[in-house]
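One letter stands for each residue in the lines below.
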Protein chains: 2
Amino acid sequence: MPSYTPPLRDMRFILHEVLRIEQQPVPGYADLTADFTGAILEEAGKIAAELLAPLNPVGDREGCRLENGVVRTPTGFRDAFDQLRAGGWTGLDCAEEWGGQGLPYVMGTAVGEMLVSANMAFMMYPGLTHGAYSAINAHGTEAQKKTWLPKLVSCEWTGTMNLTEPHCGTDLGLLRTRAEPQPDGSFRITGQKIFISSGEHDMAENIVHLVLARLPDAPPGVKGISLFIVPKFLVNPDGSIGARNSLSCGKLEEKMGIHGNSTCVMNYDGAVGYMLGEPNKGLRAMFTMMNEARIGVGLQGLAQASVAYQNALAYAKERLQGRDVTGPRNPDGPADPIIVHPDIRRSLMDQKSFVEGARLFALWGATLIDAGHRAGDAGAQGLIALLTPVIKAFLTDKGFEMCVAAQQVFGGHGYIEEWGMSQFVRDARIAMIYEGANGIQALDLVGRKLAAEGGKPLMGFFETIKGFIKAHGAREGLKADFLDPLKQASKDLQDATMYFMAEGMKNPHNALAGSTDYLHLFGHVCLGYAWARMAVVAEDALAAGGSDREFYEAKLATGRYYMARCLPETGLRLARIRAGAAPVMALDAASF
Amino acid sequence: MPSYTPPLRDMRFILHEVLRIEQQPVPGYADLTADFTGAILEEAGKIAAELLAPLNPVGDREGCRLENGVVRTPTGFRDAFDQLRAGGWTGLDCAEEWGGQGLPYVMGTAVGEMLVSANMAFMMYPGLTHGAYSAINAHGTEAQKKTWLPKLVSCEWTGTMNLTEPHCGTDLGLLRTRAEPQPDGSFRITGQKIFISSGEHDMAENIVHLVLARLPDAPPGVKGISLFIVPKFLVNPDGSIGARNSLSCGKLEEKMGIHGNSTCVMNYDGAVGYMLGEPNKGLRAMFTMMNEARIGVGLQGLAQASVAYQNALAYAKERLQGRDVTGPRNPDGPADPIIVHPDIRRSLMDQKSFVEGARLFALWGATLIDAGHRAGDAGAQGLIALLTPVIKAFLTDKGFEMCVAAQQVFGGHGYIEEWGMSQFVRDARIAMIYEGANGIQALDLVGRKLAAEGGKPLMGFFETIKGFIKAHGAREGLKADFLDPLKQASKDLQDATMYFMAEGMKNPHNALAGSTDYLHLFGHVCLGYAWARMAVVAEDALAAGGSDREFYEAKLATGRYYMARCLPETGLRLARIRAGAAPVMALDAASF
């Protein structure tokens with residue numbers, strides 16, 4: 001069975017040595033001392049490693065079962081959820097007003113990575129609940145907040161997002177679910193939703209569905225969609241559980257992975273619902289939830305890569321097979337551990353350099369969200385809006401790739417379910433698809449985010465990198481290995497942007513044909529920037545002397561690997577982008 | 001449920017217009033007219049599409065069950081196997097002397113691709129039998145051939161390869177299974193083998209295991225391994241089935257995919273075996289089987305990508321979602337088919353250009369095998385030895401990647417088992433692992449094949465490409481789109497080779513750290529060469545007028561896509577190779 005070791009040292013490094021969160025001018029950050037965050041992360045790490053990780057293969061093996069309309073979750077899930085609730089972990093970064101701990105989002109992100117590494121399918125139950133909390137918190141009336149938020153924060157009730165219908169996923173303008181206004185101000189919701197994660201289960205006394213539907217007089221397309229709160233059980237005026245609402249889980253999907261999470265077909269048969277936010281502006285309200293969910297999904301890519309890498313590393317150190325071509329490293333054993341072989345080492349370095357770079361990227365993103373929400377920093381808000389599709393798609397594409405690489409280290413054993421590596425691959429696969437498939441993220445980035453605010457966030461991003469390179473230009477030890485490659489990668493991204501501006505004007509297909517390449521180019525620049533930042537801190541720490549030299553030297557070595565072997569992909573991406581729409585669109589659809 | 005359409009037109013194009021097999025000076029090829037091969041391929045295509053493809057999801061869902069030592073294969077497998085046997089398909093390219101059809105290997109390859117597209121797990125039963133046939137045909141005594149070959153050719157009996165043990169896969173020098181000589185010249189085999197595909201099942205009256213084991217006086221390591229024929233049932237002198245041998249299936253593995261194939265733990269408890277080939281030279285004999293198996297595995301990568309692509313294409317033409325950004329293409333419908341979107345088109349072109357290029361690469365490789373075996377062409381033998389690891393690893397790495405891409409086109413539906421795309425991904429995954437994990441293929445390529453025969457095959461490969469470019473240098477229409485990119489890619493491969501020669505001498509890690517990159521670089525050059533060859537033929541066909549213009553124009557468009565967007569990866573691979581061992585090996589194993 002795979003194991004999980006919380007990356008506590010690395011998180012401390014990122015939070016307190018690189019990001020120096022406690023010094024940032026964000027309300028709530030001053031309290032985030034290394035002692036304080038260390039205590040929280042240590043405790044969360046225990047829950048991850050000891051409570052959730054052992055249940056991960058159980059969830060995969062048993063899956064969920066639908067019996068007479070009731071979904072049974074895997075053995076142990078309910079008990080674990082109770083422990084999570086009892087510890088207050090579900091409301092870590094929710095408002096104290098509604099029973100949360102009131103910690104910044106960055107802490108939720110750091111804790112979240114570990115819990116999701118341990119058990120992704122399980123963490124989707126509280127994860128979606130958090131999304132429902134955020135949507136109601138942002139768009140609900142005071143009365144709605146009072147009714148729903150405390151129970152969602154505590155996870156006594158869980159939440160869901162209901163967007164997809166059989167004939168529409170990405171193109172929500174096509175959705176058909178209807179909402180009929182009632183004299184009492186409520187609505188009757190009728191329609192079928194599919195792919196509803198955590199849609200029905202036996203771990204909470206109520207489930208709060210957020211459902212997109214159309215009012216009778218709604219205009220067609222996305223401008224006629226409203227959002228509704230549709231609970232499994234109605235809630236009495238005193239807050240107690242009332243009558244069963246007329247909605248049900250019609251089917252559980254058989255999926256490639258995340259078996260521990262119930263993926264439901266949900267049928268709404270005139271179910272009572274309450275409008276959240278304004279009529280016909282439901283998509284905007286849902287996007288409050290979606291943007292948060294997208295960063296959460298990016299985190300899933302990182303989290304699965306992290307735990308898969310840990311296990312691949314352990315296996316590579318233990319498995320004896322062959323000899324180092326330059327001479328035995330384990331002369332007393334029958335063979336050397338496979339970590340001596342350069343191709344295995346290459347794969348492990350790919351994984352390690354991705355995981356550690358992505359961790360800083362994700363946590364940096366979380367501080368931007370905090371700066372926006374807590375400090376009203378408009379620049380940070382613009383920047384995280386730009387980076388959200390990159391975090392979602394780059395971290396999940398690469399996260400999946402790294403899980404496959406980690407599985408490969410196990411050879412044939414990687415393909416056998418018993419070893420657990422297959423589950424990481426199968427679970428990670430969904431993150432590339434849901435909350436907007438990665439191609440949609442690329443479209444969002446190129447078609448919407450680049451030009452947002454007249455390009456200000458993008459220009460700000462380039463300025464940030466330029467400023468960083470300039471600020472550290474005197475560091476001779478980092479120039480060739482870190483600063484020059486970052487400069488080149490950033491230039492590739494600028495050149496790609498220029499190409500889109502020039503050629504996309506002539507034909508938008510010229511930009512869209514290169515959108516996925518652009519997103520990956522962008523992701524590499526972000527990770528290159530992350531590694532350069534870590535290198536600066538590591539170099540300073542080594543110069544200052546002190547303990548932990550091995551940690552900082554490993555950081556520099558891992559960063560050098562990323563810059564030398566991974567970052568040059570930006571050149572290839574740029575070349576593809578510059579090939580434009582012609583080769584992509586030359587073939588008529590009928591001629592395929 | 002996914003469907004499968006045999007790519008008959010494409011096979012005819014490759015076999016008869018590009019390779020022009022009927023004109024090649026290889027015994028047996030003169031009979032391979034387009035009419036003759038067309039009839040065979042059409043019939044095989046029917047079996048693939050109508051008999052085997054419908055059983056593919058059945059095999060995945062039901063899997064195999066071990067009951068009291070007997071393995072039950074999925075519903076319908078036995079009947080399908082009977083039909084395959086009755087049609088003589090199992091011995092298509094086996095010698096007529098032993099009951100085969102005596103056709104060249106290239107025909108077995110073309111037929112094999114289709115059958116494996118339809119049902120990979122099923123085809124492993126006859127596939128491994130073919131491997132056993134080849135090994136006994138190459139190394140057996142006349143008496144052994146008479147006993148075993150006719151039944152293996154007809155697949156009345158099936159075959160297996162027994163290499164791996166719990167503590168050794170790649171490093172066969174560590175294997176422990178023992179072979180005790182008996183007074184009658186036979187041996188008693190004792191030990192445990194794992195990951196034995198088709199190791200036990202209910203579809204044949206006997207199973208012929210080829211087992212690697214050590215003689216009592218064998219030297220340690222790989223030079224002390226012998227190969228044995230160990231049948232499930234002993235065979236009486238008259239050829240009838242005799243006593244049950246003392247071997248058994250101890251366990252079936254639960255795997256990520258290929259559920260329809262029984263992956264067995266095999267226990268040999270003093271089982272009667274017969275030496276195949278010479279004492280202590282078993283590895284060499286097994287490699288007869290392994291080399292053929294590796295090409296067969298490469299074909300699996302292509303085959304799964306081919307069927308996954310077909311289904312992604314059909315879905316992309318049907319699924320209505322969003323509008324072409326340049327204007328509606330399906331104005332009367334609620335939305336446009338997703339194939340209008342450039343990012344979907346990009347993905348489909350990635351898949352299409354890989355599948356069609358890989359098909360020529362694989363069939364060209366098959367003609368080299370025929371030229372070696374049937375015409376004694378030493379140059380062809382050297383070249384296919386060089387290309388075997390590339391065919392195995394490049395086609396399976398990319399084949400898996402393309403299955404993932406095809407799955408992605410389906411969005412959420414791709415993740416649901418019911419749609420069948422998950423199975424293609426899960427099945428294709430094993431091909432990167434078995435018959436020598438792809439890292440081992442890269443090691444074989446760089447550590448052994450490059451320097452084989454003093455580098456003659458490699459130089460011959462470069463000369464072939466140089467000669468091709470020169471021969472077609474006057475074709476202005478192909479220069480910029482095909483010939484120049486091929487020249488550049490080939491130069492990248494030469495530069496990488498030079499780097500290995502110069503730096504690998506100083507430190508072999510410099511070559512091994514770049515081995516996987518080198519293999520992929522090589523694979524791209526092979527596919528670039530394949531596309532350039534197809535472009536020449538397509539250009540000529542268009543110039544000659546005649547029908548089928550759309551087919552040839554599509555070939556040119558698809559080829560241009562590959563050259564413009566896929567082939568430039570060679571530059572990135574070269575850059576990584578030139579980074580050398582330093583970044584890969586800098587971190588001490590203990591510092592990870």
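Procedures and definitions
- Residues numbered from 1 in each chain as written.
- Chains lettered and ligands numbered in written order.
- Predicted model: local features only at pLDDT ≥ 70, side-chain atom pairs only at ≥ 80, totals over all residues.
- Heavy atoms only, no water.
- Helix = DSSP H or I, 4+ residues; strand = E, 2+ residues; numbered from the N terminus.
- Rg over C-alpha atoms; globule rule 2.2 N^0.38 Å.
- Buried < 20%, exposed > 50% of the residue type's maximum accessible area, 1.4 Å probe, protein only.
- Contact = heavy atoms within 4.5 Å.
- Areas by Shrake-Rupley, 256 points an atom, 1.4 Å probe, with all protein chains shown as cover.
- Lys, Arg positive; Asp, Glu negative; His and termini not counted.
- Charge placed at Lys NZ, Arg CZ, Asp CG, Glu CD.
- Polar contact = N/O pair within 3.5 Å; in protein donor to acceptor, adjacent residues only side chain to side chain.
- Least-squares fit on C-alpha atoms with pLDDT ≥ 70 in both.
- Buried area = accessible area lost by both parts, 1.4 Å probe.
- Salt bridge = Lys/Arg side-chain N within 4 Å of Asp/Glu carboxyl O.
- Nonpolar A, V, L, I, M, F, W, Y, C, P; charged D, E, K, R; others polar.
- Domains from an automatic or database assignment.
- Axes fitted to C-alpha atoms, helices over the stretch in contact; angles between N-to-C directions.
- Parallel < 35°, antiparallel > 145°, perpendicular 65-115°, else oblique.
- Pairing = 2+ DSSP bridges.
- Expected span 1.5 Å × (residues − 1).
- Arc of directions from axis to C-beta.
- Phe/Tyr/Trp six-rings, centres within 6.5 Å; stacked < 30°, edge-to-face > 60°.
- Lys NZ or Arg CZ within 6 Å of the ring centre and 35° of its normal.
- Core = buried A, V, L, I, M, F, W, Y, C linked by side-chain atoms within 4.5 Å.

*Asks:* Provide a residue-level description of the overall build of chain A, including the pertinent values.
*Replies:* Across its full length, chain A holds 19 helices and 11 strands. Scaling as 2.2 N^0.38, a compact globule of 592 residues should have a C-alpha radius of gyration of about 25 Å, and chain A matches this with 24 Å. Residues counted as buried form 65% of the 592 residues belonging to chain A. Contacts in chain A between residues at least 24 apart in sequence constitute 73% of all its contacts with a sequence separation of at least 6. Here chain A has roughly 20,300 Å² of accessible surface; of this, 54% comes from carbon and sulfur atoms. Taking the 56 positively charged and 65 negatively charged side chains of chain A as two groups, their mean positions are separated by 4 Å.

*Asks:* Provide a residue-level description of the side chain of K193(A), including the pertinent values.
*Replies:* All names here are of chain A. Note on placement: K193 falls in strand β5 (residues 187-197). In this structure the side chain of K193 is engaged in a polar contact, spanning 3.1 Å, whose partner is the backbone oxygen of L163. At a separation of 3.0 Å, a polar atom in the side chain of K193 contacts the side chain of E165. Dropping the residues within four chain positions of it, K193 is found in contact with N162, L163, T164, E165, L175, T177, V211, L212, C264, V265, M266 and Y268.

*Asks:* Describe the relation of the copies chain A and chain B, and please don't skip the residues or the numbers.
*Replies:* Each copy superposes on the other: chain A lies on chain B with an RMSD of 0.0 Å after a rotation of 180° and an axial shift of 0.0 Å. Viewed as a symmetry operation, the transformation between the two copies matches a two-fold axis. Considering only C-alpha atoms, the residue of chain A closest to the rotation axis is L572(A), which sits at 3.3 Å.

*Asks:* Talk me through the interface of chain A and chain B; I want residue IDs and the actual numbers.
*Replies:* Each partner contributes to the interface: chain A provides 89 residues, whereas chain B provides 89 residues. Summed over both sides, the interface of chain A with chain B buries roughly 7,400 Å², with 63% coming from carbon and sulfur. Together, Y415(A), R565(A) and F592(A) form the three largest contributors to the area buried by chain A at its contact with chain B, with a combined 12%. Between the two partners, chain A and chain B, sit 6 salt bridges. The partner of E418(B) in a salt bridge is K251(A), with the nearest N and O atoms 3.0 Å apart. Run the count over chain A and chain B and you get 42 residue pairs in polar contact (both at pLDDT 80 or more). When grouped by side-chain class, the residues that make up the side of chain A that touches chain B number 45 nonpolar, 21 polar and 23 charged.

*Asks:* Go over the pattern of salt bridges with me, naming the residues and quoting the values.
*Replies:* On inspection of all chains with the given rule, the structure shows 84 salt bridges over all chains. Note that K151(A) and E205(A) form a salt bridge whose closest N and O atoms lie 3.9 Å from each other. Remark: E205(A) occurs in the loop between β5 and β6 (206-213) and K151(A) occurs in helix α7 (residues 142-154); sequence separation between them is 54 residues. For K151(A), a relative accessible area of 21% translates into the label partly exposed. With a relative accessible area of 41%, E205(A) lands in the partly exposed category. In this structure, D484(B) engages K479(B) in a salt bridge whose closest nitrogen and oxygen atoms are separated by 3.1 Å. Of the residues examined, D484(B) reaches a relative accessible area of 32% and is grouped as partly exposed. Judged by relative accessible area, which is 34%, K479(B) ranks as partly exposed. Residues participating in the shared-partner salt-bridge network are D517(A), R565(A), E569(A), R573(A), R576(A), D517(B), R565(B), E569(B), R573(B) and R576(B).

*Asks:* Talk me through the domain arrangement of chain A; I want residue IDs and the actual numbers.
*Replies:* Residues and elements named next belong to chain A. Partitioning chain A into domains gives domain 1 (8-137), domain 2 (156-280) and domain 3 (456-585). Put simply, the middle of domain 1 and the middle of domain 2, counted by C-alpha atoms, are 25 Å apart. Of the roughly 2,200 Å² buried between domain 1 and domain 2 on both sides combined, carbon and sulfur atoms contribute 67%. Inspection of the domain 1/domain 2 interface yields 0 salt bridges. Counting every contact that joins domain 1 to domain 2 gives 10 residue pairs in polar contact (both at pLDDT 80 or more). The class makeup of the residues in the side of domain 1 that touches domain 2 is 15 nonpolar, 5 polar and 5 charged.

*Asks:* Pulling in residues and values, what's your account of the packing of helix α14 (residues 476-506) of chain B against helix α18 (residues 569-578) of chain B?
*Replies:* Residue and element names in this part refer to chain B. Contact geometry of α14 with α18 gives a least axis separation of 9 Å together with a crossing angle of 10°. In terms of orientation, α14 lies roughly parallel with respect to α18. Residues A489, D492, D495, A496, Y499 and F500 of α14 lie in contact with α18, whose contacting residues are T570, G571, L574, I577 and R578. Its residues placed into classes, the contact of α14 with α18 shows 6 nonpolar, 2 polar and 3 charged.

*Asks:* Tell me about the pairing of strand β11 (residues 263-276) of chain B, and name the residues and values.
*Replies:* All names here are of chain B. By the criterion of burial, β11 is predominantly enclosed, with 12 of the 14 residues buried. Relative to β11, strand β5 (residues 187-197) runs antiparallel, the two being bridged by 9 bridges. Across the sheet, the residue bridging to K193 is M266, located in β11. Summarising the sheet, strand β7 (residues 226-231) and β11 pair through 3 bridges and their orientation is antiparallel. Bridge pairing in β11 links I229 to Y274. As defined by bridge partners, strand β10 (residues 247-252) adjoins β11 across 5 bridges and the pair is classed as antiparallel. Paired with C249 across the strands is M266, a residue of β11.

*Asks:* Tell me about the side chain of K555(B), and name the residues and values.
*Replies:* All names here are of chain B. Inspection of the secondary structure puts K555 in helix α17 (residues 549-566). Of note is the side chain of K555, whose polar atom sits 2.5 Å from the side chain of D10. Those residues in contact with K555 that lie beyond four places of it in its chain are D10, F13, E356, W531, M534 and A538.

*Asks:* Can you lay out helix α13 (residues 456-471) of chain B for me, pointing to particular residues and giving the numbers?
*Replies:* Residue and element names in this part refer to chain B. An ideal rise of 1.5 Å per residue puts 22 Å on 16 residues; α13 measures up with 22 Å between its terminal C-alpha atoms. The set of residues buried in α13 consists of P457, L458, F461, F462, I465, F468 and I469. The buried residues of α13 occupy an angular sector of 145° when projected down its axis, which confines them to one face. Residues K456, K466, K470 and A471 are exposed on α13 and point more than 90 degrees away from its buried face. Buried residues along α13 sit against α9 (342-375), α10 (378-409), α14 and α16 (515-543).

*Asks:* Tell me about the packing of aromatic side chains, residues and numbers included.
*Replies:* Applying the stated rule across the entire model yields 39 aromatic pairs over all chains. An angle of 35° between the planes, with centres 6.5 Å apart, marks the rings of F361(B) and W364(B) as tilted. With F361(B) and W364(B) both in helix α9, this residue pair falls 3 residues apart, about one helical turn. Taken together through their ring pairs, the aromatic side chains of F461(A), F462(A), Y499(A), F500(A), Y518(A) and F522(A) make up a single cluster. Positioned over the ring face of F551(A) is R9(A), at 4.0 Å from the centre of the ring. Here R85(A) stacks its cationic end above the ring of F81(A), 4.2 Å away from the centre of that ring.

*Asks:* Please set out the nonpolar core residue by residue, giving values where relevant.
*Replies:* The tendency in soluble globular proteins is for nonpolar side chains to be buried side by side. Core analysis: the biggest nonpolar cluster contains 360 residues, and F461(A) and F461(B) have the highest contact counts within it. Setting aside residues no more than four positions away along its own chain, F461(B) makes contact with W364(B), L383(B), L386(B), L387(B), L493(B), F522(B), V525(B) and C526(B).

*Asks:* Tell me about the environment of I430(A), and please be specific about residues and values.
*Replies:* With respect to the helices, strands and loops of the structure, I430(A) is situated in helix α11 (residues 421-431). On the basis of relative accessible area, I430(A) is assigned to the buried category, the value being 6%. When the C-alpha positions of I430(A) and Q300(A) are compared, they lie 9.6 Å apart, and in sequence the two are 130 residues distant. Here I430(A) is in contact with M120(A), I258(A) and Y415(B), once residues within four sequence places are set aside.

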